[in-house]
Amino acid sequence: MERLGLGGHFGGLAARLDGVFGADGVFTHDRLQFVDFVDDVEELLEEVAWQEGGDKKAADGFEEYMLQHYSG
């Protein structure tokens, strides 16, 4: 992301995702519900779209797509 000039937008991303995935890379359902995680990521994408001068609606549909395809 840094090479694309977007690194400044993701400075706090690691902190926001800390503890969400285990050492094996698997989502830790016992720490955060997947629905809440997807909602948080959609909000982050909306922030990036807004900061890049785009429309926050660019991230619309992300949450619905993720829940339909990956929530089991």
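Under the annotation held in an unreviewed UniProt entry, the protein chain carries the name PBIP1 protein and is attributed to Tachuris rubrigastra.

Enquirer: I'd like a rundown of the nonpolar core, residues and numbers included.
Expert: Core analysis: the largest hydrophobic core is formed by seven residues, namely Val20, Phe27, Phe34, Phe37, Val38, Val41 and Met66. For this core, the element with the highest residue contribution is helix α2 (residues 34-51), accounting for four residues. Not counting residues up to four positions away in its chain, the partners in contact with Val38 are Phe62, Glu63, Met66 and Leu67.

Enquirer: Provide a residue-level description of the environment of Phe37, including the pertinent values.
Expert: Note that Phe37 resides in helix α2. Put simply, Phe37 and Leu17 are 20 residues apart on the chain and 8.8 Å apart in space, counted from C-alpha to C-alpha. For Phe37, the contacting residues outside a window of four places in its chain are Leu17, Val20, Phe21, Phe27 and Leu32.

Enquirer: Tell me about the packing of aromatic side chains, and name the residues and values.
Expert: Summed over the entire model, instances satisfying the criterion amount to six aromatic pairs. Ring centres 5.6 Å apart and planes at 85° place the aromatic pair Phe21 and Phe37 in the edge-to-face group. Here Phe21 is found in the loop between α1 (13-17) and α2, whereas its partner Phe37 is found in helix α2, with 16 residues between them in sequence. The exposure class of Phe21 is partly exposed, given its relative accessible area of 36%. Note on Phe37: relative accessible area 12%, which makes it buried. Connected via pairs of aromatic rings, a cluster forms that spans Phe21, Phe27, Phe34 and Phe37.

Enquirer: Please set out the environment of Glu63 residue by residue, giving values where relevant.
Expert: Locating Glu63 in the fold gives a position in helix α3 (residues 62-70). In the structure, Glu63 is positioned 25 residues away from Val38 in sequence and 5.8 Å away in space, judged by C-alpha atoms. If we skip the residues at most four places from it in the chain, Glu63 touches Val35, Val38, Asp39 and Glu42.

Enquirer: Tell me what's going on with the side chain of Glu42, and back it up with residues and numbers.
Expert: Mapping Glu42 onto the fold places it in helix α2. A relative accessible area of 10% means that Glu42 is categorised as buried. Apart from residues no more than four positions distant in its own chain, Glu42 is found in contact with Ala59, Asp60, Gly61, Phe62 and Glu63.

Conventions we followed
- Residues numbered from 1 in each chain as written.
- Predicted model: local features only at pLDDT ≥ 70, side-chain atom pairs only at ≥ 80, totals over all residues.
- Heavy atoms only, no water.
- Core = buried A, V, L, I, M, F, W, Y, C linked by side-chain atoms within 4.5 Å.
- Buried < 20%, exposed > 50% of the residue type's maximum accessible area, 1.4 Å probe, protein only.
- Helix = DSSP H or I, 4+ residues; strand = E, 2+ residues; numbered from the N terminus.
- Contact = heavy atoms within 4.5 Å.
- Phe/Tyr/Trp six-rings, centres within 6.5 Å; stacked < 30°, edge-to-face > 60°.

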